[in-house]
Amino acid sequence: SATQKITETLMPTLAEWLGDDPFFLGSKMSAADLLVGKPLKNLHELGLLSQSPRLEALFFRVSSLPSFEKSYSTMAPDYKARREIVLVPTRSQVTV
């Protein structure tokens, strides 16, 4: 299953790359940490991220950034509009 692949392959691989450092490239946040932030948010929302304390800690560090909250908050007034345009365009939004 997809969940099994995520929990048995993806998450252990990312946790191994992270190692004991707070971020993927050491002590400072990099683009790698920001790029993995949204997938980690998805895992958190699915209740899977708690299976990897190191990845969960990274997620909390990245998600504490004001820009992350603004970009991915489901409570933002324009969230539905941003989601429809950026993530899931409807047929009427796609030009063929």
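As shown above, the structure is provided for reference.
Described below are features of the structure shown in this document.

What counts, and where the lines are drawn
Residues numbered from 1 in each chain as written. Predicted model: local features only at pLDDT ≥ 70, side-chain atom pairs only at ≥ 80, totals over all residues. Heavy atoms only, no water. Helix = DSSP H or I, 4+ residues; strand = E, 2+ residues; numbered from the N terminus. Buried < 20%, exposed > 50% of the residue type's maximum accessible area, 1.4 Å probe, protein only. Contact = heavy atoms within 4.5 Å. Core = buried A, V, L, I, M, F, W, Y, C linked by side-chain atoms within 4.5 Å. Phe/Tyr/Trp six-rings, centres within 6.5 Å; stacked < 30°, edge-to-face > 60°. Lys NZ or Arg CZ within 6 Å of the ring centre and 35° of its normal.

Here we look at the overall build of the chain
Within the chain, the regular secondary structure consists of five helices and zero strands. With 96 residues in all, the chain has 27% of them scored as buried. Contacts in the chain between residues far apart in sequence, at least 24 positions, make up 51% of those at least 6 positions apart.

Concerning the nonpolar core
Phe-24, Val-36, Leu-40, Leu-43, Leu-49, Leu-55 and Leu-58 are the most contacted members of the largest nonpolar core, which totals 16 residues. Setting aside residues no more than four positions away along its own chain, Phe-24 makes contact with Leu-14, Trp-17, Leu-18, Ala-32, Asp-33, Val-36 and Leu-58.

A word on the environment of Phe-23
For Phe-23, the location among the structural elements is in the loop between α1 (2–18) and α2 (31–45). The exposure class assigned to Phe-23 is buried, which follows from its relative accessible area of 10%. A C-alpha to C-alpha distance of 8.9 Å links Phe-23 and Arg-61, two positions 38 residues apart in sequence. Beyond its immediate stretch of four places on either side in the chain, Phe-23 contacts Leu-18, Lys-28, Met-29, Asp-33, Leu-58 and Arg-61.

Focus on the packing of aromatic side chains
In total, this model carries two aromatic pairs according to the counting rule given. With a centroid separation of 6.2 Å and an interplanar angle of 80 degrees, the aromatic rings of Phe-59 and Phe-68 are classed as edge-to-face. For Phe-59, a relative accessible area of 5% corresponds to the buried category. Looking at Phe-68, the relative accessible area reads 9%, which means it is buried. An aromatic cluster of three or more residues is present, and its members are Phe-59, Phe-60 and Phe-68. Above the plane of the ring of Phe-23 lies Arg-61, whose end atom (NZ or CZ) is 5.4 Å from the centre.

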